[in-house]
Amino acid sequence: MGRGSQQTDPASGGAGQGAGVFTWEEVQKHSHKGDQWLVIDRKVYNISQWVKRHPGGLRVISHYAGEDATDAFRAFHPQPAYVRKFLKPLLIGELAASEPCQDHQKSTVIQDFRALHDQALALLLLWNFGAGWVTFFACSVLLATSQAQAGWLQHDFGHLSVFRNSFWDHLVHQFVIGHLKGASANWWNHRHFQHHAKPNVFQKDPDVNMINAFVVGEVQPVEYGIKKLKYLPYNHQHKYFFLIGPPLLIPVYFQLQIMHTMISRRLWQDFAWSMSYYLRYCICFIPAFGFVNAFVLFFLSHWFVWVTQMSHIPMNIDYEKHDDWLTMQLKATCNIEASAFNDWFSGHLNFQIEHHLFPMMPRHNYRHAAPLVEALCKKHGLPYTVKPLWTAFSDIVSSLQKSGEMWLDAYLHK
């Protein structure tokens, strides 16, 4: 065991010979910048140099350095056979036969989930319900007339869940997120895929980077309190959330971040699409509603923040625990009860658990996958959290209040 590490230089980027046999202890040593290995289907790959060329961005693949990335690989790549062509030169060996795929205690649930993954993709995407892109486009024309619903539309293309060929998803995504939402496809991809890869994990999920405006979860508030960090009065964060949370996150902070990203990275195609949105918005809405009303409409149309935060902020938020894919997603996400209104309001992302487990699944199929996932969780005694809509909304506020109280207690007494 371990003889492969003697045959392949870790810094070489992988010889592609696949001659090595490794233990998990050896693989886990290569989890640092410039020296990164990962495992997919028991094959060990040296991605040290290739991470810079990863189409999904350097960070999202680096988050799995030293780990089993099998389920993440399956979740993010609609054409795995094509992608494996790029992996082949990076192959340096495989796990020793005596080594488990991941955790010995979780091997059964992992196997069951991977069987469910294959069943869901085959049953739900193709045979039972079809790819459905013709129907999808017919509905999307109506939905895209609403600024809020256009957010769900771009989300579909960004997750490569419409076309069989991901090239067309990427192409249309640029148009929809740029011209209909004023954002950048490149910025969204690199940010959002990190969120899916490591949801609610500090330093890896950008969605829990609160830029010191909030403290979330149960770990961060105590850390800030002990260190006597007080950028804002966090014990009142559940109140000022209504002032600087949904009203400012997307219309102000994200927009400034997007502009900075497009200009600093010279994403001129994204920039052109974004400018076309603002031009169209001004031409269409200011003459009809006036400048002030059009400005207010721009802010009110961003209810996306409520939909995303209600499934994540009240859930477990912590540092990296190296959980398997299924456990990690279940700890960080929850569902909102299905109904005609909830499905429409959230763009079917009220099935957040299914969306995180199968991010490329067309969203109209989540309700069909939900009973399968719930049954799997029940079989293995895993949490499967479902809430009413208004409970989910109130939980955002109550979780912020709880975190703020934990911060204050640590700030005053520790």
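Residues numbered from 1 in each chain as written. Predicted model: local features only at pLDDT ≥ 70, side-chain atom pairs only at ≥ 80, totals over all residues. Heavy atoms only, no water.

## A look at the sheet that holds strand E3 (residues 35-40)
The criterion, for reference: Pairing between two strands requires that DSSP report at least two bridges joining them. Going along the chain from the N terminus, every DSSP run of H or I of four or more residues is numbered as a helix, and every run of E of two or more is numbered as a strand.
Sheet architecture is open: five strands sit in the order E1-E5-E4-E3-E2, paired in mixed fashion. Looking along the sheet, the strands with just one partner apiece sit at the ends: strand E1 (20-22) and strand E2 (31-32). Sheet topology note: the strand E4 (residues 43-46)/strand E5 (residues 91-95) ladder contains three bridges and is antiparallel. Along E5, the bridge assignment pairs Lys 43 with Glu 94.

## Digging into the pairing of E5
The side chains of a regular strand alternate, first on one face of the sheet and then on the other. How we decide: Each residue is placed in one exposure class: buried if its accessible area under a 1.4 Å probe, protein chains only, is under 20% of its type's maximum, exposed if it is over 50%, and partly exposed if it falls in between.
Of all five residues in E5, four are buried, a share of seventy percent or more. Both E1 and E5 contribute to a ladder of three bridges, which runs parallel. Its bridge partner being in E5, Gly 20 is matched across the sheet by Gly 93.

## Observations concerning the UniProt feature "transmembrane region" (unreviewed entry) in the protein
The cut-off we apply is this: UniProt positions are given in the numbering used here, feature names are shortened, and annotations may be inferred rather than shown by experiment.
According to UniProt, the positions carrying the feature "transmembrane region" (unreviewed entry) are residues 120-144, 240-258 and 278-305. The annotated region residues 240-258 carries 95% helix and 0% strand content, and the separation between its end C-alpha atoms amounts to 24 Å.

## Some words on the packing of helix H12 (residues 237-244) against helix H21 (residues 389-413)
Which entries qualify depends on this criterion: Between the N-to-C directions of two axes lies an angle of 0 to 180 degrees, each axis being a line fitted to C-alpha atoms and, for a helix, fitted only over the stretch in contact. Between 65 and 115 degrees an angle is taken as roughly perpendicular, under 35 as roughly parallel, over 145 as roughly antiparallel, and anywhere else as oblique. By definition in these notes, contact holds between two residues if any of their heavy atoms fall within 4.5 Å. When residues are sorted by character, Ala, Val, Leu, Ile, Met, Phe, Trp, Tyr, Cys and Pro go into the nonpolar class, Asp, Glu, Lys and Arg into the charged class, and all the rest, Gly among them, into the polar class.
Two elements in contact, H12 and H21, have axes whose closest approach is 8 Å; the angle formed by their N-to-C orientations is 130°. Of the possible angle classes, the one that applies to H12 and H21 is oblique. Counting all contacts with H12, which are made through Gln 237, His 238, Phe 241 and Phe 242, the residues of H21 involved are Ile 396, Val 397, Leu 400, Gln 401, Ser 403 and Gly 404. Looking at side-chain class alone, the contact of H12 with H21 contains five nonpolar, five polar and no charged residues.

## Topic: the pattern of salt bridges
Here is the rule we go by: What makes a salt bridge here is a side-chain nitrogen of Lys or Arg within 4 Å of a carboxyl oxygen of Asp or Glu, nothing more.
A full pass over the atoms with the stated rule returns 14 salt bridges. Taking the shortest distance from any N to any O, the salt bridge between Glu 67 and Lys 198 comes out at 2.9 Å. With Glu 67 in the loop between helix H3 (58-62) and helix H4 (70-76) and Lys 198 in the loop between helix H10 (185-197) and helix H11 (220-226), this residue pair connects regions lying 131 residues apart in the sequence. Glu 67 gets classed as buried once you look at its relative accessible area, which sits at 8%.

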